[in-house]
Amino acid sequence: MQKSLLMIPSKCTGCSQCELACSYAKEEAFNAAKSRIKIFDFPEKSRHVPYTCTQCAEAWCMKACPVDAISEDKKTGAKIVSAELCVGCKVCTIACPFGTINYQQDTGKVVKCDLCGGDPECVKICPTEAILYVNADATGDARMREWAAKSDEASDVTPN
Amino acid sequence: MTYVIVGAGPAGVAAAETLAKTAKGSEIILVGGEPEPPYSRMAIPYVLTGSVGEDGTYLRKTENWYEDRNIRYIHGRAESLSTGDSALRLARGEEMKFEKLLISTGARPIKPPVPGLDLEGVHHCWTLEDVRNIKGLTGEGKDVILIGAGFIGSIILEALLESGSNLTVVEAEDRMVPRMMNQVAGNMIKAWCEKKGVTVLTSTRVAGVAQADGGRLEVDLGGNKKTVDLVVVAAGVKPNADFLEGSGIEVEDGILVDNHLKTSADNVYAAGDCAKGPDYSGGWSVHAIQPTAVEHGRIAALNMAGQVTPYKGSLQMNVLDTAGLISTSVGLFDGVEGGEEAEDLNEQRFKYIRLTFKGDYMIGALTLGRTDQVGVLRGLIHTPVSLGPWKQKLMADPAKFVEAYIDRTQVI
């Protein structure tokens, strides 16, 4: 059974340790701006929401990539960017309706969550268990997947 | 069943792969018009800069990718189509019978009616062959004129500048990327490029190109003349649909397709840059962009294989990197009558965001100087996501679009 990241906003304190752990694991720098997971703040609701790629089945980024630089890790289901093959065209960054694959100007490549090969650093560091790595069918990202399905190009939802 | 796909760009390849999965046991023939394996034009500027080799542009990197899927990749150019007897004639005289045909022939660059554009040293930057021809003419100390600062011109601009060439860009309209950017953003991109050392001449037309000494070219900019080593023409593209003349298939500024990507002929479909398909923002449009090509290819193939799949319509969206300034445009960024718009502008810092709305929905967006989560703009517009109370919040602070998306699509 593949696992997914499950975010529980009600438990998130906005401490940013996940961002720092991620950026350190991926870039060897404690720099939240380089993290693949981002915390968004909702002061009116007193909420902080950790946000990253859900490794969606639609894989908008992977389909849109013109140079075969994004592939699926068969073990974890994560969609992985090959820095070697990525030319930095950024098409994936506008194709992904979740905005969870992003361009880094200093490297000229795109980056996204790769689930750390099945041992996510954000999960390990989170002091309040607001980020869990659990069986895919148990995750609350079902709702996000629902939205992914709604934005599928083949559906016929229109604004009017 | 015999499926013929003419045109081996992203749309053709996506269609071939989809057919290989959904119409198992069928014969799938993919016809490419260029000698290389199927490749991406998107990646061409990166070959020009040398950051990747030619094989870095190939759409699929796995060896025997097409063979392993029983996709027969052959070389040929379409000459004519007879819908009556379901036959496609190729340029070398070969006739291919099909049961279902996909036209994914893409587009080709236009040469504007300017004297001298046939001279040696005048090139497009459209194919891998073009890149080979241009490469030696760029570099430190070389003078280059780029005709056209549209989307494609602006992509090439970055590569030409990176080569160290002295670069002049000539654009007939009054701003850079006129169809992808409004006046504010187009002017900011121009100012940025000028800061980076590019000479940008907007509202300027090239009157003619003439041979100069030493193999150089003299470019007449309407009085003011400039001698250069290379002229690159990026003045727009047009669909490769000439071979359809006499076929009865309806062509406007692209091959007309219905919302199943079918042309006016029953067993012929069209996809990608050559197709005028349903536009999510209304009506029918040619959206010559990579994501649309792939979506078209996939949906057309499903319908060709008998899995009736309506297409919800493509959303115009672009992302551009002009010498380090990144811009995105999505949907109806000019807005619509009776709609609303919100802007946040900081010209000094080259930051700009503009959102347009109609009723409860976002319908368009422009950003400058932002790389993070820009995909959410597509998510909000194309899903579409009802904004509720976030409409007013975004009117006050348009940069909060990610928060709007999260709050409206998740339980938080």
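Residues numbered from 1 in each chain as written. Chains lettered and ligands numbered in written order. Predicted model: local features only at pLDDT ≥ 70, side-chain atom pairs only at ≥ 80, totals over all residues. Heavy atoms only, no water.

Participant: How do you make sense of the overall build of chain B when you look at a structure like this?
Facilitator: Counting its regular elements, chain B contains ten helices and 26 strands. At 22 Å, chain B has a C-alpha radius of gyration in line with the 22 Å of a compact globule built from 412 residues. Relative to its 412 residues, chain B shows a buried fraction of 59%. Counted over contacts in chain B with a minimum sequence separation of 6, partners at least 24 positions apart contribute 61%. Summing over all exposed atoms, chain B offers an accessible surface of approximately 15900 Å²; the carbon and sulfur share of this is 46%. Averaging the positions of the 41 positive and the 53 negative side-chain charges in chain B gives two centres separated by 3 Å. (Helix = DSSP H or I, 4+ residues; strand = E, 2+ residues; numbered from the N terminus. Rg over C-alpha atoms; globule rule 2.2 N^0.38 Å. Buried < 20%, exposed > 50% of the residue type's maximum accessible area, 1.4 Å probe, protein only. Contact = heavy atoms within 4.5 Å. Areas by Shrake-Rupley, 256 points an atom, 1.4 Å probe, with all protein chains shown as cover. Lys, Arg positive; Asp, Glu negative; His and termini not counted. Charge placed at Lys NZ, Arg CZ, Asp CG, Glu CD.)

Participant: Any chance you could explain the domain arrangement of chain A here in plain terms?
Facilitator: Quite often, the size of an interface is put as the accessible area lost when its parts meet. Residue and element names in this part refer to chain A. Here chain A is described as being made up of domain 1 (1-52 + 117-138) and domain 2 (56-112). Spacing between the C-alpha centres of domain 1 and domain 2 amounts to 19 Å. Contacts between domain 1 and domain 2 engage ten residues on the former and ten residues on the latter. Interface area, domain 1 with domain 2, both sides summed: about 810 Å², of which 41% is carbon and sulfur. At the surface where domain 1 touches domain 2, the tally comes to one salt bridge. Here Asp106 and Lys34 are joined by a salt bridge, their closest N and O atoms 2.5 Å apart. Partitioning the side of domain 1 that touches domain 2 into residue classes produces two nonpolar, four polar and four charged. (Domains from an automatic or database assignment. Buried area = accessible area lost by both parts, 1.4 Å probe. Salt bridge = Lys/Arg side-chain N within 4 Å of Asp/Glu carboxyl O. Nonpolar A, V, L, I, M, F, W, Y, C, P; charged D, E, K, R; others polar.)

Participant: What should I look at first to understand the sheet that holds strand β18 (residues 255-256) of chain B in this one?
Facilitator: Pairing between the strands of a sheet comes from backbone hydrogen bonds, and it takes one of two forms, parallel or antiparallel. All names here are of chain B. Reading across the sheet, the three strands line up as β18-β20-β21 and stay open at both edges, with mixed pairing between neighbours. At either margin of the open sheet sits one strand with a lone partner, and together these are β18 and β21 (284-285). Relative to β21, strand β20 (residues 275-278) runs antiparallel, the two being bridged by two bridges. Each residue of the ladder has a partner; that of Gly277, found in β21, is Ser285. (Pairing = 2+ DSSP bridges.)

Participant: How do you make sense of unusual backbone geometry when you look at a structure like this?
Facilitator: When glycine is set aside, most residues are seen to have a negative phi, and most peptide bonds are trans. The omega torsion of the bond from Thr383 of chain B to Pro384 of chain B falls at -15°, within 30 degrees of zero and hence cis. The topology assignment puts Pro384 of chain B in the loop between α8 (375-382) and α9 (390-396). The backbone phi angle of Ala59 of chain A is positive, close to 45°, even though this residue is not glycine. Relative to the assigned elements, Ala59 of chain A resides in the loop between β3 (47-51) and α2 (60-64). With relative accessibility at 3%, the residue Ala59 of chain A sits in the buried group. Unusually for a residue other than glycine, Gln373 of chain B sits at a positive phi of about 55°. Relative to the helices and strands, Gln373 of chain B resides in the loop between β26 (361-368) and α8.

Participant: Explanation requested: the environment of Thr328 of chain B in the structure shown.
Facilitator: Residue placement: Thr328 of chain B occurs in strand β23 (residues 325-331). Using a relative accessible area of 1% as the deciding quantity, one classes Thr328 of chain B as buried. In this structure, the C-alpha to C-alpha distance between Thr328 of chain B and Ala15 of chain B, residues 313 residues apart in sequence, is 27 Å. Those residues in contact with Thr328 of chain B, other than ones at most four positions away along the chain, are Ile94 of chain A together with Met181, Asn318, Val319, Ala365, Leu366, Thr367, Val374 and Leu377 of chain B. At a separation of 2.4 Å, a polar atom in the side chain of Thr328 of chain B contacts the side chain of Thr367 of chain B. (Polar contact = N/O pair within 3.5 Å; in protein donor to acceptor, adjacent residues only side chain to side chain.)

Participant: So what exactly am I meant to see when it comes to a positive patch on the surface here?
Facilitator: On the surface, Lys63 of chain A together with Lys21, Lys24 and Arg69 of chain B cluster together into a positively charged patch. Mapped onto the elements of the fold, Lys63 of chain A is located in helix α2. Judged by its relative accessible area of 33%, Lys63 of chain A falls in the partly exposed class. (Patch = residues over 30% accessible without salt bridge, like charges linked within 9 Å, V, L, I, M, F, W, Y side chains within 5 Å.)

Participant: How should I be thinking about the pairing of strand β10 (residues 143-147) of chain B in this particular structure?
Facilitator: Across a regular strand the side chains alternate sides, sitting on one face of the sheet and then on the other. Most of β10 of chain B is tucked away, with five of its five residues classed as buried. Where burial is concerned, the two faces of β10 of chain B agree: the one with Asp143, Ile145 and Ile147 of chain B and the one with Val144 and Leu146 of chain B are both buried.

Participant: In this structure, what is going on with the interface of chain A and chain B? I would like to understand it.
Facilitator: The interface is formed by 46 residues belonging to chain A together with 54 residues belonging to chain B. Taken together, the two surfaces of chain A and chain B that pack against each other cover about 4500 Å², and 62% of this comes from carbon and sulfur. Counting the contacts that link chain A with chain B gives three salt bridges. As a salt-bridge pair, Asp407 of chain B and Lys45 of chain A come within 2.7 Å of each other at their nearest N and O atoms. Secondary-structure elements contributing two or more residues to the side of chain A that touches chain B are β2 (38-42), β3, α2, α3 (91-95), β6 (101-104) and α5 (142-150) of chain A. A class-by-class count of the residues in the side of chain A that touches chain B yields 25 nonpolar, eight polar and 13 charged.

Participant: It is not clear to me how the packing of aromatic side chains should be interpreted in this structure. Could you clarify?
Facilitator: How two aromatic rings sit relative to each other is set out by the distance from centre to centre and by the angle between their planes. For the structure shown, the criterion picks out six aromatic pairs over all chains. Here the basic side chain of Lys90 of chain A rests over the ring of Tyr103 of chain A, its NZ or CZ set 4.3 Å away from the ring centre. Between the NZ or CZ atom of Lys393 of chain B and the centre of the ring of Trp390 of chain B, over which it lies, the distance is 4.3 Å. (Phe/Tyr/Trp six-rings, centres within 6.5 Å; stacked < 30°, edge-to-face > 60°. Lys NZ or Arg CZ within 6 Å of the ring centre and 35° of its normal.)

Participant: Is there a simple way to explain the environment of Ala305 of chain B in this structure?
Facilitator: Residue and element names in this part refer to chain B. Along the chain, Ala305 turns up in the loop between α7 (290-304) and β22 (317-322). Note on Ala305: relative accessible area 26%, which makes it partly exposed. The spacing of Ala305 and Lys21 is 284 residues in sequence and 9.9 Å in space, taken between C-alpha atoms. Residues in contact with Ala305, not counting those within four places in the same chain, are Tyr3, Leu19, Thr22 and Ala23.

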